[in-house]
Amino acid sequence: MKPGLYIVSTPIGNLGDITLRALDILKKSDIIFCENTKHSMKLLKHFEINNAILEKYTDHDFDKKHIKIKDAISSGKIISLISDAGAPLISDPGGRLIKFLFEEKLNIETIPGPSSIISAIQLSGFFNSHPIIFLGFLPKKEAQKVKALSNITNANLVFFTTSSQLNKDIQVIFNHDQDAKIVILNEITKKFEKRISLKKEEYEKISPIVLKGEFVVCAELNPIKIEKDITDDQVKKDIEKFGEKNLYEIYRSKYNIKRNDLYKKILKIKHK
């Protein structure tokens, strides 16, 4: 087996989903880097993998560990990188390390396997020709969420969220497109896996959704209907809510207004 870094996908919930190749690589590894050693130890114990050194690696560890990893590979070691669940580097640590090792012309291989993104797309039920856009985690602040979605239309979105951000993210999607369809996938592949499909009126009847665990959200967006005009009262409300600096990014895909015209309108409102 060739020395190098092996990017190994691990189960997202059901341990039976690990691949034979992933097990083979992990059993042959000299060092296994992971996000959380306690979490990953459960996986390794389950499959009786005890030959490797298990060590934490996050992006905060790059500066103090990248030379050590390079030297280990150069000396003939087999290194594995795993995440807490699923395919590493998908909103997980490791990007800087991979770039560095490629620049050093060292061997890097991917060991494909479970991915919550792929599973979510399969379970979304969306059947159309729209492009699929993966957003990772949306920002925490509402104005930043709105900005992240401002130029997206006629697309299928896939993103991760948490129990504390779930309802905020759903509301932002429906504010962006009131005709959107949303599917929430909770605890994919686990015993209590849930799939919740919602339109705006259905969400308003059950809001807020209270769930724990891991979430992937899929949203089907329609073409945005451009509004020709916007009232001063609406601008006032949105300034208070989002701030002047964020307003144009929020308005540019929703209203037929140029940047300079918007700022003139804001100045006019402020001087009333």
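Let me begin by describing the structure that accompanies this report.

Rules behind the numbers
Residues numbered from 1 in each chain as written. Predicted model: local features only at pLDDT ≥ 70, side-chain atom pairs only at ≥ 80, totals over all residues. Heavy atoms only, no water. Buried < 20%, exposed > 50% of the residue type's maximum accessible area, 1.4 Å probe, protein only. Helix = DSSP H or I, 4+ residues; strand = E, 2+ residues; numbered from the N terminus. Arc of directions from axis to C-beta. Contact = heavy atoms within 4.5 Å. 1 Å grid on protein atoms, 1.4 Å probe; cavity = no way out; pocket = protein on both sides within 12 Å on 5 of 7 lines; lining within 4 Å. Points joined across faces, edges and corners; volume = space filled by probe spheres on them. Nonpolar A, V, L, I, M, F, W, Y, C, P; charged D, E, K, R; others polar. Right-handed = clockwise from strand over helix to strand, strands pointing away. Axes fitted to C-alpha atoms, helices over the stretch in contact; angles between N-to-C directions. Parallel < 35°, antiparallel > 145°, perpendicular 65-115°, else oblique. Left-handed = near helix turned anticlockwise from the far one by under 90°.

As a further point, take helix α4 (residues 95-103). Of the positions making up α4, those classed as buried are L97, I98, F100 and L101. Angular distribution of buried residues about the axis of α4 spans 165°; they occupy a single face of the element. In α4, the exposed positions angled more than 90 degrees off the buried face are occupied by K99 and F102. Where α4 is buried, its residues meet β1 (4-8), α3 (62-74) and β5 (108-111).

Space inside the largest pocket adds up to approximately 870 Å³. As for the largest pocket, its lining consists of 32 residues, of which I12, D84, A85, G86 and E214 are closest to the centre. Ranked by residue count, the leading element in the lining of the largest pocket is helix α2 (residues 37-46), at four residues. Taken together, the residues of the lining of the largest pocket sort by class into 13 nonpolar, 12 polar and seven charged.

We now examine the pairing of strand β7 (residues 156-161). Most of β7 is tucked away, with six of its six residues classed as buried. Both faces of β7 are covered, namely the face carrying N156, V158 and F160 and the face carrying L157, F159 and T161. Read as a crossover between parallel neighbours, the route from strand β6 (residues 132-137) over helix α6 (residues 142-149) to β7 is right-handed.

Turning our attention to the packing of α6 against helix α7 (residues 166-176). Each pair of packed helices gets described by two things: the angle between the helix axes and the distance between those axes. Axis separation between α6 and α7 bottoms out at 10 Å; the angle between their running directions is 50°. With respect to their mutual orientation, α6 and α7 come out oblique. In the packing of α6 onto α7, the handedness of the crossing is right-handed. Across from E142, K145, V146 and L149 in α6, the residues of α7 making contact are K168, D169, V172, I173, N175 and H176. Its residues assigned to classes, the contact of α6 with α7 comprises four nonpolar, two polar and four charged.

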